[in-house]
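Notes for the structure review
What follows is the residue order along each chain.
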Amino acid sequence: MLYFFYGENHTDSLREVNAVIERFKKGGTRIPHSIDCEETTAALLDTLFNSRSLFSNIQLFILKHLLNAKQLHSFFMNNIESFNQSPNVAVIWERDVP
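First things first, this report covers the structure right here in the doc. What you are looking at is a predicted structure, and each value in this text was computed from that prediction instead of being measured. (Residues numbered from 1 in each chain as written. Predicted model: local features only at pLDDT ≥ 70, side-chain atom pairs only at ≥ 80, totals over all residues. Heavy atoms only, no water.)

1. Side note on the sheet that holds strand S3 (residues 60-64)
- Taken together, the 4 strands give an open sheet; going across it, the order is S1-S4-S3-S2, and neighbouring strands pair in parallel fashion. At either margin of the open sheet sits one strand with a lone partner, and together these are strand S1 (2-5) and strand S2 (33-36). Along the sheet, successive strands turn relative to each other by an average axial angle of 20°, direction set aside.
- Its contacts with the sheet put helix H2 (residues 42-50) on S2, S3 and strand S4 (89-93), and the angle it makes with S3 is roughly 160°.
- Taken strand by strand, helix H3 (residues 73-85) contacts S1 and S4, and its axis lies near 120° from that of S1. (Pairing = 2+ DSSP bridges. Helix = DSSP H or I, 4+ residues; strand = E, 2+ residues; numbered from the N terminus. Axes fitted to C-alpha atoms, helices over the stretch in contact; angles between N-to-C directions. Contact = heavy atoms within 4.5 Å.)

Structure (structure tokens):
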């Protein structure tokens with residue numbers, strides 16, 4: 001499942017991201033993965049998305065600044081359908097309006 005949060009008022013969008021994290025944590029002892037996409041690689045994202053958690057079957061990924069990470073655009077577009085159909089949750093948070 002994919003969620004997108006963005007906007008000129010990044011404080012409000014970040015508040016919504018934090019609300020998703022809190023709802024996720026209420027479901028058990030799950031720890032979200034927070035990833036700054038400007039500082040990661042496609043290989044690392046692929047490893048994270050395809051790994052299984054010891055604590056839960058569902059994982060939460062917070063992907064920050066994906067649109068600014070040009071090195072991940074093709075990886076994300078090639079895998080967007082599998083991300084959307086996955087039981088895992090990916091939250092994409094952008095600082096600005098895309």
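Right, picking up where we left off after that structure.
2. Remarks on the packing of aromatic side chains
- Within this structure, the stated rule accounts for 5 aromatic pairs.
- Ring centres of Phe75 and Phe83 lie 6.0 Å apart, and the angle between their planes is 55°; this geometry places the pair in the tilted category. As far as the burial class goes, Phe75 and Phe83 line up, both buried.
- An angle of 35° between the planes, with centres 5.7 Å apart, marks the rings of Phe76 and Phe83 as tilted. Phe83 carries the same exposure label as Phe76, and that label is buried.
- Put simply, the rings of Phe49, Phe61, Phe75, Phe76 and Phe83 pair up and form one aromatic cluster. (Phe/Tyr/Trp six-rings, centres within 6.5 Å; stacked < 30°, edge-to-face > 60°. Buried < 20%, exposed > 50% of the residue type's maximum accessible area, 1.4 Å probe, protein only.)

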